[in-house]
Structure formats: C-alpha cells, structure tokens
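Summary of structural features
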Amino acid sequence: MSVGAAVRRVRAYGGQFLLLAVLTLVVTLLISGVPRLVNRLAEQGLRTQLTSEPAARRDITYASTVAPATSTKTAMGESRERFDTLAGQMPPQVRSAVTERWHRVDLAPVRVAGPDLAARKLLVDLGLRAMPGIQDAGTLVEGAWPSETYVPSRPIEVALDVDVAGKLNLRSGSQLRMGEADRNGAMQESVPVVVSGLFRPTDRADGAWDGLPPMLRIIEPLADGEPLIAVGVVAQSTLNKRAVDGWPVQSEWRYRLGTERIDARHLDQMIDGLQQMQRTVPPGVALTVGVDVPLRAFAAQVNAARTLLAVIGAGVLATLAGLIVLAAILAVRRRRSEFALLRARGGAATAGARRSLAEALLVVPVAAVCGWSIGTLFPGAPDPTAPYAAAVTVLVTLALPLATLAVPAGGAARRDLVRVRPSARRITVEVSLLVLAVLAAVLLRRRGLTLGEVDPLLVSVPVLLAVAAAVLALRAYPWPLLLVSRLAARTRGSVAFLGTARAGRSTVAAPLAVVVLAIGTAAFCAVVAAGVDASRDRAAERLVPADAVIRGERFAPDTLDALGGLPGVRAVTRVLNEPDQRLAADELGTDARIGQTNVLLIDASGLSTVSRESGVDLPVPASLGSAQQASGPLPAIVSPAVAADLAKAGLDRSAFVSVQGERYEFRVAGTQEAFPLLPANAARFVILPWQALPTRVTTPVPTSLLVAGDRLDVEALRRAGDEGQSRYQTGGAVTGKERPIGVTVDTREQVRRDLGNGGANGVLAFGFVAGATGGTVLGLLAIAFTVLAGARARGQVLSRLRTLGLSRRQWRGLLLVELAPLVGVSVLTGALVGAVLPLLLNPVLGLSAFTGGVPVRVAFEPGLVAAVFALGAVALGFAVAVEALNNRRLRLGEVLRLGEES
C-alpha cells in the first residue's frame with residue numbers, strides 16, 4: 001500500500017479528514033494548554049493573596065528567651081552562627097523560598113532618665129538593639145552612628161529614629177542614665193548613655209524594621225504609671241560587652257519568604273515543610289510562623305478548583321472523544337461501498353482497516369503535534385501531560401481503522417424500525433451501563449473525595465450518568481412521538497404526521513449521548529456558578545447583615561446618634577460581641593466547666609429594622625424579639641454544642657455569663673446552627689436580647705455598630721467610629737492613656753467583592769466560563785453530527801416527496817417537525833443531567849472555600865429554564881441550517897438517483 005495512494009485518498013476525502021484533524025488538534029491543545037493557563041491563574045491568585053497580606057506575615061521568626069548570655073562566644077557571634085544553622089535546618093522547599101533574612105540581638109528595655117526626658121516628665125524604658133546591616137537601611141539625619149570601637153570610659157552610644165526622638169524630646173548629644181528602677185522609680189547602678197545620632201529609615205517597608213518591639217515607633221503604656229517603651233541602635237561591640245557584663249539579651253532570627261519563590265503547584269509540600277519546622281523547634285527558642293494560614297486557605301481554594309476542573313474537563317474531553325468517534329463512523333459510512341468493493345476483489349477482512357490506518361497516520365499525528373505546540377505557547381508553568389497527549393494521539397489514530405472494522409461493509413440494513421425488539425447484547429450493555437452509573441454515584445457519595453487529586457471515580461461519574469440518561473431518553477422519547485403521530489394522522493395535511501413518524505423511528509444513540517454529555521457539562525457549570533454566587537451573597541449578609549458594620553473596641557452610647565446624623569444613614573443599631581467567655585453555674589461565678597463561648601448581645605428590634613432597611617432577609621428569633629425586662633433568666637439562643645453541654649450539666653434552665661464585668665442569668669430558649677456577625681466556623685455561642693437586660697450599676701456598651709443607608713461615606717463612618725471610641729475612653733467611667741486601635745468599616749458590597757476576587761477565584765471562574773462555553777459549542781457540534789448521521793436518508797425522503805408535489809414551505813416544516821423532537825430531547829436531557837450533577841457532587845467538591853466557609857447550596861434556578869429554551873431554539877435553528885446546507889451540497893435529485901441510504 002503506497003504512501004502516494006494514501007495521500008490521494010486523503011485529498012479525495014479532505015473534508016472528513018480535516019474534521020478529524022481539527023478535533024485532534026483541539027484535544028491535544030486542551031491537554032497541553034489548559035494546565036498552563038490554570039497554573040498561571042493559580043500563580044497570579046497566590047501572588048495577589050500574599051501581596052494583600054502584611055509583608056511580616058511571610059516571616060518565619062525564631063526568638064530566644066530573655067536571659068543573660070551563657071556562651072563563651074560573643075552575643076553577636078553566637079547569633080550569627082545560630083542564624084546560619086537555623087537556615088540550614090529548614091526543609092529544602094522552605095529554605096529555597098527564603099529571599100530576605102535578618103538577625104539581631106536585643107538588650108531588654110530598662111529605665112532611662114535625663115534632663116530632656118524630665119523636661120516633659122516622661123517615664124521611659126529604652127531597649128538596645130544591634131543588627132548587622134542596619135546602617136544600610138537608614139539614613140542619618142543628625143549626628144553619627146554608634147562607633148564600633150568600644151571604649152570602657154565612654155558612655156553607651158545609641159542612635160534613635162528621628163520621630164521617636166522627637167516624641168521623647170531627645171536630640172543628638174542628649175545625655176541619659178540607664179539602669180534598673182526600684183519600686184519608687186529611683187535609678188540603681190545607672191550607666192551613662194548618649195544619643196550619638198538620629199536616623200530616618202530609607203524605606204519604612206523594608207523588612208529590617210518589622211521586628212518587635214518596633215524601632216520606628218513608641219509603645220504606649222497600657223495604664224497609668226507604666227513607662228513608654230522605645231528601642232535604639234547600638235554598636236555590636238557595645239552589645240557584646242553588655243552581654244558579658246550579665247545584661248539579659250534576646251536573639252531573634254527572621255527569614256522572609258518571597259512571593260515569587262512560592263510555587264502554587266507545590267503548596268502542599270510548602271505547608272508540610274512549615275509543619276515539620278513547627279514540630280522540630282530547637283530547644284531554647286520559640287518559633288512564630290504566620291504564612292501557613294493564608295497558604296492553607298489558598299490551598300483549599302486551589303484544591304477545590306482543581307477538583308471542579310476535573311469534573312468539567314472530564315465532560316469536555318468525553319464529548320470530544322464522542323465527536324471523534326462520530327466523525328470516524330461518518331467517514332467510514334460514506335466510504336462503505338469502497339470497502340465493500342475492496343473485499344469483493346479478494347481483500348482480507350482487515351484490508352479496509354489497514355487502509356484507514358495508513359490514512360490516519362498521515363493526518364492525526366501531524367494535527368496532534370500542531371495542537372500540542374500551540375498549547376505550549378499558552379502562559380503558565382507546564383504540567384507533565386505529554387504522556388496523555390501521546391496516548392490520545394494513538395487512540396485517535398486507531399479510531400478510524402476500528403470504525404472500519406465495526407461498520408459492516410455490506411448492504412445497509414434498515415435501521416429505522418425502532419419497534420424491532422432490541423438484541424440481548426444491547427439490552428445487557430444498556431442495563432450494565434445504568435447499574436454502573438448508579439453504583440459509581442453511590443460510591444462517590446459514600447467514599448468522598450481527596451480534593452486536588454484527579455480521582456478516576458470522580459471523572460467517570462458525570463460521564464456515566466450522562467450516557468445513562470441518554471440511554472433512558474433514547475428508549476423513552478419514541479413513545480410520546482408515536483402517540484402524537486397517531487393524533488396527527490387524523491388531521492389534515494401530511495407534514496405533522498410524516499415529521500413525527502420519522503422522528504419516532506430515528507436511531508441516533510451515539511450522537512444523542514454526545515449531545516447530552518456536552519449540554520450537561522454546560523448546564524452543570526451554570527448551576528454550580530449560580531450556587532456559588534448565591535452562597536457568596538449569603539456569606540456577605542452573614543458577615544455584614546446591614547449596609548455597613550463598624551467594628552471597634554468599645555463605643556460611647558451617643559455614637560449611635562452621631563452616626564444617625566450622617567448623610568445617607570437611615571438606621572443604626574448596636575451589637576456587643578464578647579469572645580471566649582466562660583459560662584458560670586451560679587451568680588458567684590462558679591465555673592460551669594463548659595468550653596469557651598462567644599457571647600453576642602443584640603437589640604432585636606434595632607437589628608430587624610437595620611436588616612430590613614438594608615434589604616437583608618434576617619429573621620430574628622421570636623424569643624429574642626419578644627423579650628422584655630423582667631425578673632428571671634434572659635431567653636437565649638445558643639448553638640447546638642452549647643445547648644448539649646448545658647443540658648448535660650443540668651444548666652439549660654439557668655446559667656450565667658459575664659458581659660463587660662457584669663454577670664447575667666440566662667436560659668436556653670432555642671438553638672441555631674449559625675448566626676450573623678459570627679464566624680462561619682463558630683460552633684459555640686450564646687445570643688442575648690439587649691433590650692431585656694436588667695438594670696445594673698454599669699451599662700454594657702457596643703463593640704460593633706450596624707448601619708443601613710444609601711451611598712454611605714466610609715471615611716465619615718470611620719471618623720464617627722473613632723470619635724465614639726475616644727469619647728468612651730475619655731468620658732466614661734474607665735479611662736486610659738492607650739490610644740484605641742482605629743475602627744474597621746466593612747460594607748456588604750465590599751465584602752461581597754472580596755469573596756469573588758483574589759485567591760483562586762480566577763481558576764474557578766475560568767473553569768465555569770470554559771466549561772459553559774465549551775459545552776455549548778461542542779453540544780451544537782454534536783447536534784450537527786446528529787443531523788448529518790441521518791442526512792442522506794432524510795434527503796431521499798424529501799426528494800421523493802418533492803417529486804410528489806411537496807412545496808418548499810412544507811419541506812421546511814417537515815424538516816422542522818422531524819428535527820425538533822430530537823434536538824429538544826437532547827437539550828432537555830442534558831439540562832436535567834447538568835441540574836442533577838451538582839446535587840450529587842456539591843457535597844464533595846469543597847466549594848465552601850470560595851464562600852467564606854458558608855456551605856454552597858445548589859438550588860433550582862429559574863434562569864436555567866429560560867436558558868434551556870433559548871439554547872434549544874438556537875440548537876434547532878442550527879440543526880435546520882446544517883440540514884439545509886447539507887441538502888444543498890448533496891443535491892437532492894442526485895441523492896435520489898444514487899439510491900443510497902448510508
């Protein structure tokens with residue numbers, strides 16, 4: 001069999017081989033390119049996630065205890081040696097991600113005094129720090145850096161940040177005395193200190209300044225009589241001498257992970273490495289790791305997204321595989337007479353298959369290489385998918401010769417008699433397929449999944465269910481058409497009768513299965529995307545059950561009135577959240593021996609008003625809404641875990657809880673799994689009605705404020721909240737010098753945007769868009785194959801009817817009536833499969849990682865019905881257009897003369 005003959009046959013049947021080549025190219029392109037795109041989106045999401053966190057969150061910090069030096073080495077020399085040792089002991093995946101590192105030695109803060117401090121009556125403790133490279137990170141503003149040449153008779157030279165020095169009334173040359181203070185604040189064994197210079201950081205974001213206690217700001221006192229705490233820079237030689245003299249020192253070693261060094265594909269290895277470090281902390285040091293929290297959250301999202309992509313990819317690739325099989329079958333049917341003639345001339349039974357193999361080898365590998373090459377141009381890190389592409393190439397190459405062996409080369413038997421009893425083999429295959437699909441679905445629900453891994457069971461279940469649904473639809477849909485055909489036979493005109501009769505006798509098992517699989521994939525993506533979107537809305541309403549929430553420490557009671565006077569504000573209510581409280585068994589405070597519990601005080605009427613004005617459906621429990629001041633325990637809504645513990649301890653009718661120093665008695669009036677304003681993972685909480693609190697000496701003050709309004713000014717809300725905190729601190733019964741931490745203002749719209757942006761949401765959105773678009777396009781292509789599968793037979797019928805006087809308008813009507821049931825059944829069955837699959841797979845997909853921990857609920861979407869009808873109309877129009885184009889190409893008169901039914 002010459003290559004030239006094979007080339008000529010490929011040219012003669014160019015359209016069929018072009019279709020096979022295009023499908024092969026698309027499959028290998030997806031195998032090569034999609035993992036790159038997914039990796040690229042994951043990398044971008046990880047960079048965004050880490051960049052949004054404070055840079056210090058990526059620090060791995062070792063710190064020794066504060067104690068006098070015991071080693072014979074210098075303090076700085078020992079710190080440097082330990083610095084390199086700790087880095088060398090890190091797991092390789094963690095060590096390779098370190099981009100910056102610092103080590104330092106601190107002398108514990110001690111009391112300092114001097115005329116400049118006394119001028120402002122400042123009580124100050126000063127810590128001394130030596131850190132290599134500190135001079136490169138700062139710029140001198142005044143004076144000089146401390147000298148590295150240690151002279152015993154000279155005072156300790158210290159450099160201060162210019163802002164810190166200004167607040168302490170210090171300047172270059174200021175004289176101080178440093179030493180321990182007795183109970184009366186008098187200095188003991190004071191050592192002279194001089195401020196040698198003032199500096200300003202070259203870059204305040206430089207990680208060298210991130211250590212604690214900070215060097216660039218003063219730590220305010222927590223109460224009256226406590227000192228300000230500041231940190232200054234000293235020379236390494238000075239610190240070594242003080243350590244030898246017995247001054248207590250503390251060493252710190254910090255290693256910062258670079259965002260570009262953390263590979264999203266190997267997050268599990270990075271997290272495992274961090275866990276290993278936490279399990280093997282060297283003695284005498286403490287380890288602080290903060291980067292594992294955002295990495296775990298991102299890994300959960302990536303794993304859930306990859307699992308979902310496996311489901312979508314399985315549907316798309318299975319659809320493409322079905323299209324390739326259909327293309328091969330159609331190509332062989334068009335050449336049935338050629339292979340029959342080859343056998344008639346003495347060819348072997350495999351002669352046609354060998355010819356088809358030779359032709360496929362000229363087309364398929366070239367198309368596969370082109371598709372793979374185009375896929376490698378996609379941005380992103382590659383995955384080891386070359387073996388899969390090679391296997392696909394081999395299978396597609398064998399598709400054509402296998403179809404040649406499967407399709408009989410003799411005369412075509414009638415395949416439109418669906419009333420003929422199906423063979424035992426076919427019944428066995430179909431029943432086995434149905435049983436296998438049910439068993440796979442049950443096993444998947446019972447066993448669950450390992451998120452992030454491509455589980456063969458997960459991949460197979462959607463495909464099996466789609467094919468099983470197609471089999472059931474194929475068996476069921478001729479019977480309603482038979483009834484309609486009988487009714488149409490009693491009416492005038494032949495179009496409805498002939499159309500429904502032919503539609504009921506059509507046999508399109510394989511094409512119908514492919515259409516169902518494609519449409520089911522698209523519908524699955526649409527339903528899950530709608531479920532995730534709705535769950536994000538619920539998560540935002542749970543975190544912010546109003547238009548905005550202001551969270552702080554404690555607000556003055558008049559803050560509600562101040563907020564109510566702001567432009568756009570319609571309603572304000574108060575909330576008090578006390579985390580980690582211990583429940584008591586009696587009024588004396590006897591511990592009930594029940595775990596720590598969140599206590600939430602709400603004003604029931606105010607919360608209902610704010611949520612209603614904000615458009616949030618927040619039903620307040622009736623027991624809280626109707627509660628009024630009265631003697632006896634307060635009605636409380638508790639979580640099931642707290643209710644069980646109270647019942648076990650016999651305290652469900654009377655228990656006590658402390659709120660801002662006052663103890664209140666409550667009883668269990670109901671239970672709820674969750675409640676707004678509490679974290680999604682909060683399993684222990686007690687909710688009390690604020691309006692029913694008994695009068696006490698001190699009145700609780702809110703820690704959060706809920707605001708409802710239009711076009712709220714976030715900055716104005718923040719200023720009002722900060723002023724409310726300041727008024728409480730300066731005008732209340734308890735005052736203090738510590739400046740309160742600024743309030744945080746969260747709007748529901750912003751929380752909703754944050755849930756939908758960042759992290760691995762790019763990967764998830766790509767999966768939804770690609771699955772819905774790809775499923776729809778491939779579904780239309782499968783419908784085209786379905787139409788072409790019976791195009792020649794329909795062409796013969798239409799040609800004969802045209803010779804009997806069928807008008808062009810009647811011909812179009814007949815074509816529409818014949819194709820409408822087929823297209824409608826396939827689209828409807830696919831949509832039903834797509835709607836059922838989320839109900840089955842949602843519990844094991846882990847999509848709550850994208851909704852702030854709120855479980856994703858997949859429900860019926862009315863928009864899906866409209867989408868199905870729209871898609872059905874488009875598909876029917878597309879099918880009619882394909883049929884018309886095919887009939888025009890075949891020329892119905894020639895089809896009639898040929899008398900072929902293939």
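For clarity, every value in this text was computed on a predicted model and none was experimentally measured. (Residues numbered from 1 in each chain as written. Predicted model: local features only at pLDDT ≥ 70, side-chain atom pairs only at ≥ 80, totals over all residues. Heavy atoms only, no water.)

1. Re the overall build of the protein
- When helices and strands are tallied, the protein shows 29 helices and 21 strands.
- Looking at the protein as a whole, 48% of its 902 residues qualify as buried.
- In the protein, of all internal contacts separated by at least 6 residues, the share reaching a separation of at least 24 is 82%.
- About 42,400 Å² of surface is accessible on the protein, with carbon and sulfur atoms providing 58% of the total. (Helix = DSSP H or I, 4+ residues; strand = E, 2+ residues; numbered from the N terminus. Buried < 20%, exposed > 50% of the residue type's maximum accessible area, 1.4 Å probe, protein only. Contact = heavy atoms within 4.5 Å. Areas by Shrake-Rupley, 256 points an atom, 1.4 Å probe, with all protein chains shown as cover.)

2. Let's talk about empty space enclosed by the protein
- Inspection of the entire model under this criterion finds six cavities of 30 Å³ or more.
- Computed from the structure, the largest cavity encloses a volume of approximately 110 Å³.
- The wall of the largest cavity is formed by Pro 146, Ser 147, Thr 149, Tyr 150, Val 151, Arg 154, Pro 155, Ile 156, Glu 157, Thr 238 and Arg 242.
- Mapped onto the lining of the largest cavity, the elements with two or more residues apiece are β6 (156–161) and α8 (236–244).
- Taken as a whole, the second largest cavity spans an internal volume of roughly 80 Å³.
- The wall of the second largest cavity is formed by Val 311, Ile 312, Gly 315, Pro 462, Ala 466, Leu 517, Gly 520, Thr 521, Phe 524, Val 833 and Leu 837.
- Of all the elements in the fold, those that place two or more residues in the lining of the second largest cavity are α10 (292–334), α15 (456–476), α18 (509–543) and α27 (808–845).
- Of the residues contributing to the lining of the second largest cavity, the split by class is eight nonpolar, three polar and no charged. (1 Å grid on protein atoms, 1.4 Å probe; cavity = no way out; pocket = protein on both sides within 12 Å on 5 of 7 lines; lining within 4 Å. Points joined across faces, edges and corners; volume = space filled by probe spheres on them. Nonpolar A, V, L, I, M, F, W, Y, C, P; charged D, E, K, R; others polar.)

3. Details of the pattern of salt bridges
- Counted under the stated rule, the structure contains 31 salt bridges.
- When the shortest N-O distance is used, the salt bridge between Glu 43 and Arg 47 registers 2.5 Å. With Glu 43 and Arg 47 both in helix α2 (residues 14–52), this residue pair falls four residues apart, about one helical turn.
- Here the salt bridges do not stand alone but share partners, grouping Asp 59, Arg 104, Asp 106, Arg 129, Asp 210, Glu 252, Arg 254 and Arg 256 into one network. (Salt bridge = Lys/Arg side-chain N within 4 Å of Asp/Glu carboxyl O.)

4. Looking at the nonpolar core
- Grouped together as the largest cluster of nonpolar side chains are 129 residues, with contacts concentrated most on Ile 60, Tyr 255, Leu 295 and Phe 524.
- Take this core: its biggest share by element is 21 residues, from α10.
- In this view, Tyr 255 contacts Arg 58, Asp 59, Ile 60, Tyr 62, Arg 82, Phe 83, Leu 86, Ala 87, Met 90, Val 98, Glu 100 and Arg 101; residues no more than four positions away in its chain are not counted.
- Within the second largest apolar cluster, 33 residues are counted, among which are Leu 107, Leu 117, Met 178 and Leu 239. (Core = buried A, V, L, I, M, F, W, Y, C linked by side-chain atoms within 4.5 Å.)

5. Considerations on the pairing of strand β3 (residues 98–113)
- Of the strand pairs in this sheet, β3 and strand β10 (residues 248–257) are connected by nine bridges, and their pairing is antiparallel. Note that in β10 the partner of Arg 104 across the bridge is Glu 252.
- Pairing of β3 with strand β4 (residues 124–130), which is carried by six bridges, proceeds in the antiparallel orientation. What sits directly across from Val 105, in β4, is Ala 130. (Pairing = 2+ DSSP bridges.)

6. What about helix α11 (residues 336–344)?
- Residues of α11 that are buried include every one of Arg 336, Glu 338 and Phe 339, and no others. End-on, the buried residues of α11 take up no more than an arc of 165 degrees, which puts them together on one face. Structural note: α11 exposes Ser 337 and Ala 344 on the side pointing more than 90 degrees away from its buried face.
- Residues of α11 that are buried sit in contact with α1 (3–12), α10, α12 (351–376) and α13 (386–406). (Arc of directions from axis to C-beta.)

7. A closer look at a nonpolar patch on the surface
- Side chains of Leu 357, Leu 361, Val 394, Leu 398, Leu 402 and Leu 405 sit close together on the surface and give an oily, nonpolar patch of about 520 Å² of accessible area.
- Ranked by residue count, the leading element in the nonpolar patch is α13, at four residues. (Patch = residues over 30% accessible without salt bridge, like charges linked within 9 Å, V, L, I, M, F, W, Y side chains within 5 Å.)

8. Regarding the packing of aromatic side chains
- Tallied over the full model, the rule gives four aromatic pairs.
- Their ring planes at 85 degrees and their centres at 6.4 Å tell us that Tyr 62 and Tyr 255 sit as a pair that is edge-to-face. Residue Tyr 62 is found in strand β1 (residues 59–64), and its partner Tyr 255 is found in strand β10; the two are separated by 193 residues along the sequence. As far as the burial class goes, Tyr 62 and Tyr 255 line up, both buried.
- Put simply, the rings of Tyr 62, Phe 83 and Tyr 255 touch in pairs and so form one group of aromatic residues.
- Positioned above the aromatic ring of Trp 247 is the side chain of Arg 242, whose terminal nitrogen or guanidinium carbon lies 5.4 Å from the ring centre. (Phe/Tyr/Trp six-rings, centres within 6.5 Å; stacked < 30°, edge-to-face > 60°. Lys NZ or Arg CZ within 6 Å of the ring centre and 35° of its normal.)

9. Thoughts on α2
- Relative to the 57 Å expected for 39 residues at 1.5 Å per residue, α2 spans 55 Å between its end C-alpha atoms, a close match to the ideal helical length.
- The largest bend in α2 is about 30 degrees, located at Leu 30. (Expected span 1.5 Å × (residues − 1). Bend = angle between axes of the 7 residues up to and from the residue.)

10. Remarks on the packing of α2 against α12
- Packing of α2 against α12 brings their axes to within 7 Å, and their N-to-C directions diverge by 30 degrees. It follows that α2 is roughly parallel to α12 by the angle criterion. Crossing hand, α2 versus α12: right-handed. Only Glu 359, Val 363, Val 364, Ala 367, Ala 368, Cys 370, Gly 371, Trp 372, Ile 374, Gly 375 and Thr 376 of α12 make contact with α2, whose side of the interface consists of Phe 17, Leu 20, Ala 21, Thr 24, Leu 25, Thr 28, Leu 29, Ile 31, Ser 32, Gly 33 and Arg 36. (Axes fitted to C-alpha atoms, helices over the stretch in contact; angles between N-to-C directions. Parallel < 35°, antiparallel > 145°, perpendicular 65-115°, else oblique. Left-handed = near helix turned anticlockwise from the far one by under 90°.)

11. Considerations on unusual backbone geometry
- Cis rather than trans, the peptide bond between Leu 212 and Pro 213 has omega equal to 0 degrees.
- Along the chain, Pro 213 falls in the loop between β8 (187–201) and β9 (228–233).
- Here the phi dihedral of Asn 169 falls at roughly 60 degrees; this positive angle occurs in a residue that is not glycine.
- For Asn 169, the location among the structural elements is in the loop between α7 (162–167) and β7 (175–181).
- Unusually for a residue other than glycine, Leu 677 sits at a positive phi of about 75 degrees.
- Relative to the assigned elements, Leu 677 resides in the loop between β18 (662–671) and β19 (685–689).
- What makes Leu 677 buried here is its relative accessible area of 12%.

12. Observations regarding the pairing of strand β13 (residues 569–581)
- When β13 meets strand β20 (residues 704–709), the two strands line up antiparallel, connected through six bridges. Residue pairing for β20: Thr 573 is matched across the bridge by Leu 706.

13. A word on the sheet that holds β20
- What the ten strands build is an open sheet, ordered β14-β17-β18-β16-β19-β15-β13-β20-β12-β21; its pairing is mixed. Only two strands of the sheet have a single neighbouring strand rather than two, namely β14 (583–584) and β21 (744–747).
- Relative to β20, strand β12 (residues 548–551) runs antiparallel, the two sharing four bridges. The residue of β20 that forms the bridge with Val 549 is Leu 706.

14. Concerning the confidence of the model for the protein
- A residue-level look at the protein finds 88% of positions with pLDDT of 70 or above and a mean pLDDT of 83.
- Between the elements of the protein, mean pLDDT differs from a low of 50, seen in helix α29 (residues 892–898), to a high of 94, seen in β6.
- Counting contacts from residues 415–420, a segment whose pLDDT is below 50, to residues more than four positions away or on other chains yields ten contacts. (pLDDT = per-residue confidence, 0-100.)

15. Quick look at the side chain of Arg 58
- Here Arg 58 shows up in the loop between α2 and β1.
- Look at Arg 58: it is buried, it has no salt bridge, and the nearest opposite charge is Glu 100 at 5.8 Å.
- A polar atom in the side chain of Arg 58 sits 2.6 Å from the backbone oxygen of Leu 257. (Lys, Arg positive; Asp, Glu negative; His and termini not counted. Polar contact = N/O pair within 3.5 Å; in protein donor to acceptor, adjacent residues only side chain to side chain.)

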